[in-house]
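# Structural overview for review
Chain by chain, the residues:
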Amino acid sequence: MLKMFVREGMLVAGLDEAGRGCFAGPVFAAAVILPEGFMHPLLNDSKQLSGKHRNSLRQEIDVNGRHTIHTDEPASLGGDDTAPTPHELLPAILASWVTTMVSLYAMNKGWHVGDLSAEVTYDNEAEPR
């Protein structure tokens, strides 16, 4: 039915929610716009997925069509611990941003700074997480 409303060049967002609703508990919602012609064998209806696939906490994020980031959770939280957790990526991104910006600034000034590194202290036990 949606196809009759779609026009060339139009972006279509897929929306979904999960939860019990605001009166009965937390609810989560997300919207996704995928590239035209995108197909994935597991991307159809979460109710049709096997329990293993539906409950998997490993995620694959296409950053820009050229690079992919994976996230997972430790086994103690039901994941497979095959990649950093989403909250572990935040300090890594901050460290990367700082060193990249300092390097670019130094290059622009003609300064040689050598190898740079940044250390980020992050409390992964903080709530909410």
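The coordinates are above.
Report follows, based on the coordinates. Computed from a prediction, not measured in an experiment: that's the story for all the values here. (Residues numbered from 1 in each chain as written. Predicted model: local features only at pLDDT ≥ 70, side-chain atom pairs only at ≥ 80, totals over all residues. Heavy atoms only, no water.)

It is worth spelling out the overall build of the protein at this point. Scanning the protein for helices and strands turns up two helices and four strands. Sequence-distant contacts in the protein: of pairs separated by 6 or more residues, those separated by 24 or more amount to 11%. Put simply, the protein shows about 11500 Å² of open surface, and 58% of that area lies on carbon and sulfur atoms. (Helix = DSSP H or I, 4+ residues; strand = E, 2+ residues; numbered from the N terminus. Contact = heavy atoms within 4.5 Å. Areas by Shrake-Rupley, 256 points an atom, 1.4 Å probe, with all protein chains shown as cover.)

Among the surface-exposed residues, Trp97, Val98, Met101, Val102, Leu104, Tyr105, Met107, Trp111, Val113 and Leu116 lie close enough to one another that they form a single nonpolar patch of about 1000 Å² accessible area. Along the chain, Leu116 turns up in the segment after helix H2 (86-109). Judged by its relative accessible area of 35%, Leu116 falls in the partly exposed class. (Patch = residues over 30% accessible without salt bridge, like charges linked within 9 Å, V, L, I, M, F, W, Y side chains within 5 Å. Salt bridge = Lys/Arg side-chain N within 4 Å of Asp/Glu carboxyl O. Buried < 20%, exposed > 50% of the residue type's maximum accessible area, 1.4 Å probe, protein only.)

The tally for this structure, following the rule as stated, stands at one aromatic pair. Relative to Trp111, the ring of Tyr105 lies with its centre 5.7 Å away and its plane at 75 degrees, an arrangement referred to as edge-to-face. (Phe/Tyr/Trp six-rings, centres within 6.5 Å; stacked < 30°, edge-to-face > 60°.)

Looking at where Thr85 falls in the secondary structure, it is placed in the loop between strand E4 (68-71) and H2. Here His87 takes part through its side chain, which lies 3.2 Å from a polar atom of the side chain of Thr85. Discounting residues that sit within four places of it in the chain, Thr85 has contacts with Asp72, Glu73 and Pro74. (Polar contact = N/O pair within 3.5 Å; in protein donor to acceptor, adjacent residues only side chain to side chain.)

With that out of the way, let us pick up the side chain of Thr71. You can see Thr71 is positioned in strand E4. Beyond its immediate stretch of four places on either side in the chain, Thr71 contacts Leu57, Arg58, Gln59, Ile61, Ala83, Pro84, Pro86 and Leu89.

Our focus in this paragraph is H2. An ideal rise of 1.5 Å per residue puts 34 Å on 24 residues; H2 measures up with 35 Å between its terminal C-alpha atoms. Regarding H2, the residues found buried are His87, Leu89, Pro91, Ala95, Thr99 and Ala106. Looking at the buried side of H2, the elements it contacts are E4. Directly after H2, the chain includes Gly110, whose backbone phi takes a positive value near 80 degrees. (Expected span 1.5 Å × (residues − 1).)

Let's shift gears to the pairing of strand E3 (residues 59-62). Here four bridges tie E3 to E4, and the two strands are oriented antiparallel to one another. Bridging across to E4, Asp62 finds its partner in Thr68. If you look at the hairpin formed by E3 and E4, you'll find five residues sitting between the two strands, and Gly65 has a positive phi there, around 85 degrees. (Pairing = 2+ DSSP bridges.)

Even without a glycine there, the phi angle at Asp81 is positive, about 55 degrees. As for its placement among the helices and strands, Asp81 is situated in the loop between E4 and H2.

For Val27, the location among the structural elements is in strand E2 (residues 27-32). Considering only alpha carbons, one finds Val27 and Glu17, 10 residues apart in sequence, at a separation of 6.9 Å.

Below, the discussion takes up the environment of Gly65. By the element assignment, Gly65 lies in the loop between E3 and E4. Sequence separation between Gly65 and Pro35 is 30 residues; the distance between their C-alpha atoms is 9.4 Å.

No statement about biological role is implied by the geometric values presented.
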